[in-house]
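# Understanding the architecture of this molecule
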Amino acid sequence: MAEKLYHGACFYPELWDEKTIAEDIELMKKTGINVVRIGEFAWSKMEPEEGEIDVSFFKNMITRLYENGIETVLCTPTPTPPIWFSHGHPERMHIDQEGRVMSHGSRQHACTNNAYFREKSALITAELAKEAGRLPGLIAWQLDNEFKCHIAECMCGTCKTLWHDWLRARYGTIEQLNEEWGTHIWSEYYQSFEQIPQPVATPFLHHSSLQTMYRIFSSEKIAEFADEQAEIIRQYSDAPITHNSTLFFSVDNERLFQHLDFASFDTYTPQEKMESYLLNCDVWRGLKKNTPYWVMETSTSYAASLESYANPHANGYLQAEAVAAYALGGQGFCYWLWRQQRSGSEQPHSAVISAWGEPSVGYRNVLQVEEIRKELEPIMLRTKPVQADIAITYSDRARMYHLTEPHNGIHYKDLMTELYNVFVTEGFHRDVLPEGGDLTGYKLLFTPLLPYTSDDYLEKAKAFVEAGGIWIAGPMTGGRTKEHTIHTDRALGKLEQWAGVKTLFTFPMDEKTTAGEAFGKEAPLGLWSAVFEPEGAEAVGTVTKGVTSGKAFLTEYKAGKGKVIMLGSLPRGEEGKELMAQIIRHYASEAGVTVKTDVSPGTIAAPRETEDGQTFWVVVNMDGKGGRVTVPSEGTITFEPYEYKVIEFKKEGVLHES
Ligand code: GAL
């Protein structure tokens, strides 16, 4: 990939005639599109009849685009196997939890574990890689498209067999599985692996272990498919490989991206949820630290399908998104899609150019993004995002535990976004890391909503604390075992023992009748909670109302040179937000966190630095209300709605003053 910033669009030349394609290329040049993504749904164009593969259209297209100054991200076409694959073959199709067999006509209809699907996918991908893999215009690969976007775990016969193999490999003997899952409950006891059902319809809920393990199994299988495809491509191509994922598909992104080269995500977050957009930038930066991520898809104005549409972005928001994407560590910013679809199920979706070839409603914003790209490029290429002092753990595996056990509707990503937003609003620069993320160099670690805290994670967090870090664990961290059962030694297992507390009860706090106080602030407490009796720790937050009045919900314990903070409950409502912010401010200050600014809410600052330590802040207003930030030695700088500025610090270290 070249040393530049990319500004791109998803392009479907296979759907248009030659005259339109020629017009598109001219328009792309005028607009400043320097990369396109092609091919992800074009299997039937590449292999119209089974076994007759011809990818010359795409090969020629990549070359032609390149001659026009446009580079290509080429996709494997596996989300849409052609009719010759699907027709008359229900056994190759995805089966959902209700037992419904998917049919041809949309996408992701095939089971990605089906042996014949894998065989045909390997062939088409090999051919594509052989033919196009070394073309100068090809800068990257995208595998498939949004794995598990429309579908969750598959319940077909192939998956059933693989599931049994997976369980056998995991537990060794059926006795072991029975013991670890506790299957004597409701007479679920199994006599052999073959008897274990998939989590299909039952009169009431399935066993927690069965559900969570099936999710993990499925996420491993889809990652294995990605690995297999990536290996094929690498035989013929050196271009880096990615996948366009999100935070809500049925995948484990940490595992999925383990053997891929760079991270990409798609987002259609509405403007009112800018924190969700920012969380994405931080998550994907954290997944492949030191390798820039891509925003592979976003809308120029609004997302839509035949059934619904979102509101258009206000003029200016797209530019703010682009600034944030590049400044927080992105190299590519791409739209879905270039030319509005003239057919299919997404005709109403916004695009750069309408189906009749005219600029669309967001077009002027796209032109401004291109101006911004040009302005930012020299600075972005000289600098990298500054490592934050604060790390937040984000885990798709945790999400799976919450999916199995959602209580009264816990939605992991939404709750994480809410907690993450405390840091954004307080002006803290933060890194969001997967469970396996390296904690070197951080000062404060925040681990909310991680029901199963693995031994590896615990050891890493302990080492972090002992070396001087402050670790805030909770709420809802540590209360479940690896097998999604309850600990029988102590409520939060090894975690609480090490944190110098005894958990007295775990139970749902009713925020209407429960409150707690810490650092002089009182707020309602809610969520599935734990209350503690200090055993060497100090109580710093106490329940003031409700059935456990007088017990601790926030404790701190010194270990080595650092501290572990147990947060047993979630402060709720407006006062809760204030209390949460106070807790974070308090421990950030104690941990010596300095990479922060006093940006007003709705405006964000992304710190970057050159190799020799010169610092820049890219500051952008994202809520359209304008904002301000104080810059040491310069005073207050104000921002118009959606305006951005790059603030350069001559003197090394100025940013690091709190
Ligand atoms: C994405 C998908 C695209 C398009 C887009 C519409 O999820 O990858 O193909 O459907 O949504 O917003």
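Everything below is about the structure printed above this text.
It should be emphasised that the depicted structure is a prediction, and the values quoted were computed from it without experimental measurement.

## Details of the packing of aromatic side chains
According to the stated counting rule, one finds 34 aromatic pairs in the structure shown. Relative to Phe-446, the ring of Phe-423 has its centre 5.6 Å away and its plane inclined at 40°; by these criteria the two rings are tilted. Here Phe-423 is found in helix α14 (residues 412-425), whereas its partner Phe-446 is found in strand β13 (residues 444-447), with 23 residues between them in sequence. Assessed through its relative accessible area of 1%, Phe-423 is described here as buried.

## Thoughts on the site of the ligand
Looking at the ligand, the residues that line it are Phe-41, Arg-107, Asn-145, Glu-146, Asp-266, Tyr-268, Glu-297, Trp-336, Glu-346 and His-349. The separation between an oxygen atom of the ligand and a polar side-chain atom of Asn-145 is 3.0 Å. In the environment of the ligand, an oxygen atom lies 2.7 Å from a nitrogen or oxygen atom belonging to the side chain of Glu-346. Relative to its free-state accessible area of 310 Å², the ligand is covered by the protein chains to the extent of 91%. Here the residues of the shell around the ligand sort into three nonpolar, two polar and five charged.

## Digging into the packing of helix α6 (residues 157-171) against helix α8 (residues 208-236)
α8 packs onto α6 with a crossing angle of 105° between their chain directions and a minimal axis gap of 11 Å. By the angle class used here, α6 and α8 are roughly perpendicular. Where α6 approaches α8, its residues Cys-159, Leu-162, Trp-163, Trp-166, Arg-170 and Tyr-171 are matched on the opposing element by Leu-210, Met-213, Tyr-214, Ile-216, Phe-217, Glu-220 and Lys-221.

## Considerations on a nonpolar patch on the surface
Together, Ile-185, Trp-186, Phe-204 and Leu-205 make up an exposed nonpolar region whose accessible area comes to about 520 Å². Note on Phe-204: relative accessible area 54%, which makes it exposed.

## Quick word on the sheet that holds strand β9 (residues 330-335)
Here we have nine strands laid out as an open sheet, ordered β5-β4-β3-β2-β1-β9-β8-β7-β6, and parallel in their pairing. The open sheet has two free edges, formed respectively by β5 (241-242) and β6 (244-245), since each of these has just one partner strand. One ladder, built from three bridges, connects strand β1 (residues 6-10) with strand β2 (residues 35-38); its direction is parallel. Bridge pairing links Ala-9 to Val-36 in β2. The strands touched by helix α3 (residues 56-67) within the sheet are β2, β3 (71-75) and β4 (138-142), with β3 carrying the most contacts at an inclination of about 155°.

## Here we look at the pairing of strand β22 (residues 603-609)
Of all the seven residues making up β22, six are buried; the element is thus mostly covered by neighbouring parts of the structure. Where strand β10 (residues 384-385) meets β22, two bridges bridge the pair, whose relative direction is antiparallel. Each residue of the ladder has a partner; that of Lys-384, found in β22, is Glu-609. Looking at chain direction, β22 and strand β23 (residues 615-621) are connected through seven bridges and run antiparallel.

## Some points on the side chain of Ser-209
In this fold, Ser-209 is placed in helix α8. Judged by relative accessible area, which is 0%, Ser-209 ranks as buried. Residues contacting Ser-209, with those up to four places away along its chain left out, are Trp-181, Glu-483, His-484 and Thr-485.

## A few points about the pairing of strand β12 (residues 430-433)
The alternating pattern of β12 places Arg-430 and Val-432 on one face and Asp-431 and Leu-433 on the opposite face, and all of these are buried. Across four bridges, strand β11 (residues 390-393) lies against β12 in parallel orientation. Across the sheet, Ile-390 pairs through a bridge with Arg-430, a residue of β12.

## Details of the packing of helix α10 (residues 274-287) against helix α11 (residues 317-327)
With their axes 10 Å apart at the nearest point, α10 and α11 run at an angle of 25° to one another. In terms of axis orientation, α10 runs roughly parallel to α11. In the crossing of α10 with α11, the sense of the turn from one axis to the other is right-handed. Contacts between α10 and α11 involve Met-274, Tyr-277, Leu-278 and Cys-281 from the former and Tyr-317, Glu-321, Ala-322, Ala-324 and Ala-325 from the latter. Class assignment of the residues belonging to the contact of α10 with α11 gives a composition of eight nonpolar, no polar and one charged.

## With respect to unusual backbone geometry
Residue Leu-337 is reached from Trp-336 by a cis peptide bond, and omega for that bond is 10°. As for its position among the elements, Leu-337 is in the loop between β9 and α12 (363-382). In this model, Gly-474 is joined to Pro-475 through a cis peptide bond whose omega is 0°. Relative to the helices and strands, Pro-475 is located in the loop between β14 (470-473) and α16 (493-498). Unusually for a residue other than glycine, Trp-186 sits at a positive phi of about 50°. Along the chain, the position of Trp-186 falls in the loop between α7 (174-181) and α8. Phi is positive for Ser-633, which is not a glycine, with a value near 75°. Checked against the element boundaries, Ser-633 lands in the loop between β24 (627-631) and β25 (635-639).

## Points about the nonpolar core
By size, the foremost hydrophobic cluster in this structure holds 159 residues, and its most contacted members are Tyr-277, Leu-278, Phe-333, Trp-471 and Met-622. Each of domain 1 (390-591) and domain 2 (600-657) gives at least three residues to this core. Excluding anything up to four places from it in sequence, Trp-471 contacts Leu-445, Thr-447, Tyr-457, Leu-458, Ala-461, Phe-464, Val-465, Leu-495, Trp-498, Lys-563, Val-564 and Ile-565. Core analysis: the next-biggest nonpolar cluster, separate from the first, contains 23 residues, Ile-95, Cys-111, Tyr-190 and Phe-217 among them.

## Here we look at the state of the cysteines
Counting across every chain of the model gives zero disulfides. Of the cysteine sulfurs around Cys-154, a residue in no disulfide, the closest is that of Cys-156, at 3.7 Å.

## Brief notes about helix α17 (residues 573-591)
With 19 residues, α17 extends 27 Å from end C-alpha to end C-alpha; this agrees with the ideal 27 Å at 1.5 Å per step. Every buried residue of α17 is listed here: Gly-576, Leu-579, Met-580, Ala-581, Gln-582, Ile-583, Ile-584, Tyr-587, Ala-588 and Ala-591. Just downstream of α17 lies Gly-592, where phi reads positive at about 80°.

## Observations concerning helix α13 (residues 396-404)
Extensive coverage of α13 is indicated by the burial of seven of its nine residues. Listed in full, the buried residues belonging to α13 are Asp-396, Ala-398, Arg-399, Met-400, Tyr-401, His-402 and Thr-404. Where α13 begins, one side-chain oxygen reaches toward the backbone nitrogen of Arg-397, 3.1 Å away; that side chain belongs to Ser-395.

## Considering the pattern of salt bridges
By the definition in use, this model includes 46 salt bridges. Linking Glu-224 and Lys-221 is a salt bridge whose minimum nitrogen-to-oxygen distance equals 3.1 Å. One end of the pair, Glu-224, and the other, Lys-221, are both in helix α8, three residues apart, so they sit about a helical turn from each other. Taking relative accessible area as the criterion, Lys-221 reaches 14% and is therefore assigned buried. Three or more residues are tied together by salt bridges with common partners; here these are Asp-252, Glu-254, Arg-397 and Glu-435.

Conventions we followed
- Residues numbered from 1 in each chain as written.
- Predicted model: local features only at pLDDT ≥ 70, side-chain atom pairs only at ≥ 80, totals over all residues.
- Heavy atoms only, no water.
- Phe/Tyr/Trp six-rings, centres within 6.5 Å; stacked < 30°, edge-to-face > 60°.
- Helix = DSSP H or I, 4+ residues; strand = E, 2+ residues; numbered from the N terminus.
- Buried < 20%, exposed > 50% of the residue type's maximum accessible area, 1.4 Å probe, protein only.
- Near = heavy atom within 4 Å.
- Polar contact = N/O pair within 3.5 Å; in protein donor to acceptor, adjacent residues only side chain to side chain.
- Areas by Shrake-Rupley, 256 points an atom, 1.4 Å probe, with all protein chains shown as cover.
- Nonpolar A, V, L, I, M, F, W, Y, C, P; charged D, E, K, R; others polar.
- Axes fitted to C-alpha atoms, helices over the stretch in contact; angles between N-to-C directions.
- Parallel < 35°, antiparallel > 145°, perpendicular 65-115°, else oblique.
- Contact = heavy atoms within 4.5 Å.
- Patch = residues over 30% accessible without salt bridge, like charges linked within 9 Å, V, L, I, M, F, W, Y side chains within 5 Å.
- Salt bridge = Lys/Arg side-chain N within 4 Å of Asp/Glu carboxyl O.
- Pairing = 2+ DSSP bridges.
- Left-handed = near helix turned anticlockwise from the far one by under 90°.
- Core = buried A, V, L, I, M, F, W, Y, C linked by side-chain atoms within 4.5 Å.
- Domains from an automatic or database assignment.
- Disulfide = S-S within 2.5 Å.
- Expected span 1.5 Å × (residues − 1).

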